[in-house]
Amino acid sequence: MQSRRLFIGKVATGLAGTLASSNVLGANDRIRLGIIGPGDRGTQILREALGCRNTELVGAADIYTHRLEDVKKLAPEVKTYLDYRHLLEDKSIDAVLIATPQHLHCEHFTAALEAGKHVYQEKTMAFTVDHAKRMRAAYQKAHRVVQIGHQSCSSGQVTDATSFLNTGYVGKVTAIHAHMYRNTPHGKPQWSRPVHPDMTPESVLWKSFLGEAPAREFDANRYVNWRFFWDYSGGNVYENMCHQLSFWYKVMGLKIPRSVNMTGGIYLWKDGREVPDTMNVSMEHEEEILFTWDSGYGNNELGVSEDVLGTDGTIAKSQQIRYLPQKVNRRDGNEMMGTTKTAPSAHMQNFLDCVRDGKEPNCPFDVGFRVSIACRMAVESYRQQRSMRWDPVKEEIV
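Residues numbered from 1 in each chain as written. Predicted model: local features only at pLDDT ≥ 70, side-chain atom pairs only at ≥ 80, totals over all residues. Heavy atoms only, no water.

Undergrad: So what's going on with the pairing of strand β15 (residues 388–391)? Residues and values would help.
TA: Here two bridges tie strand β8 (residues 259–265) to β15, and the two strands are oriented antiparallel to one another. If you follow Val260 over to β15, its bridge partner there is Met388. Note: β15 against strand β16 (residues 396–397), two bridges, orientation antiparallel. Paired with Trp390 across the bridge in β16 is Ile397. (Pairing = 2+ DSSP bridges. Helix = DSSP H or I, 4+ residues; strand = E, 2+ residues; numbered from the N terminus.)

Undergrad: Residue-level account of the sheet that holds strand β5 (residues 118–121), with values.
TA: On the basis of which strands lie adjacent, the open sheet formed by six strands has the order β3-β2-β1-β4-β5-β6 and parallel pairing. Two strands bound the open sheet, and with one partner strand each, they are β3 (79–81) and β6 (146–148). Sheet twist, expressed as the average angle between the axes of neighbouring strands with direction ignored, equals 20°. Packing against the sheet, helix α11 (residues 346–357) makes contact with β1 (31–36), β2 (55–61), β4 (95–98), β5 and β6, and its axis sits at approximately 165° to β5. (Axes fitted to C-alpha atoms, helices over the stretch in contact; angles between N-to-C directions. Contact = heavy atoms within 4.5 Å.)

Undergrad: Run through the sheet that holds strand β7 (residues 173–181), naming residues and quoting values.
TA: Backbone-to-backbone hydrogen bonds pair the strands of a sheet. The strands run either parallel or antiparallel. In space, the 10 strands of this open sheet follow the order β14-β13-β12-β11-β7-β10-β9-β8-β15-β16, with mixed pairing throughout. If you trace the sheet from one side to the other, it starts and ends with β14 (336–337) and β16, each paired once. Judged from the eight bridges that link them, strand β9 (residues 278–285) and strand β10 (residues 289–296) form a sheet pairing that is antiparallel. Residue pairing across strands places Val281 opposite Trp293, the latter belonging to β10. On top of the sheet, helix α10 (residues 235–252) reaches β7, β8, β9, β10, β11 (304–310) and β12 (313–317); it is set at about 150° to β10, its chief contact. Across the face of the sheet, helix α12 (residues 365–384) comes into contact with β8, β9, β15 and β16 while running at roughly 55° to β8.

As structure tokens, this is what we get:
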């Protein structure tokens, strides 16, 4: 039983490093890219990719015709598709960037791997536990490079945090406390996007958008503001908590939480959204660490930060990262500031480098898997109004 748990906890780690030589490009080879979902976020990561050396956009797929017109402004010669499956048929494409709504990640991820492509998958990697398992099976079979889009995993702060922990000066860590707060002007709700006149059944492939979600009549608001609705989104847990989890899951190797509890509500934006705008999540880990995260969209004073609380010191991470001694146990300890720089487009460059050399990327599949399960546990707790537990043997939320 223990060996099974170890396998689950380290699922597929290192597979990218054992890629067959035929799947690895040369150090100077040009990487031909495709993108599925060149919307706002997709265009951002596409710009990063095209800003890296020896890259070329070959194909772009989206279910909204206007976005295909926009992507041609970045790459006039690109082939465009309303059906992503036709893009994947192009054998000249080496790697695919996926930046679609969260409920579609599994469909696009598994299809891209089955087509032999390397994959940069935007966060949160998997929408449900079932999706995570299906994505894992595809990943283990494909032996391709997969980078999950938690950019902080390529930050110089990873090196600094690891260094602080390795000194032993933090002591026994029992808690991690994270914040994520934003504010917007009155009348401008967080995430809200306008419904444009051309968002019609003629210009949006509605059935393709729905995927495995429940069938319903065309609704332009649900299409453009999909982050508001549980059928397609995990709300701010999937948008931002995932990032703050991924950094410490990578650095500290934390496993899937034993139990998760989430409370909160829609306290501010009464605009038809289903996902909360104010929330608190508490995650109990078997490493005897309580990871808490609270977030809201009505005040930005606390900003975005994480504090790793140990008996002998604290690692405080925000825009900078530093170590602060607990004088009660390290009377002569000194504060230390992280100094490792982060290169521009570091996460995307790391992905492309790994496509070329076959090494494991900075945010490998296993980190994305663990983060996805933790996030789904939080959402289920909120929606069911009870604590959720993880069964590591059955790999189920109970």
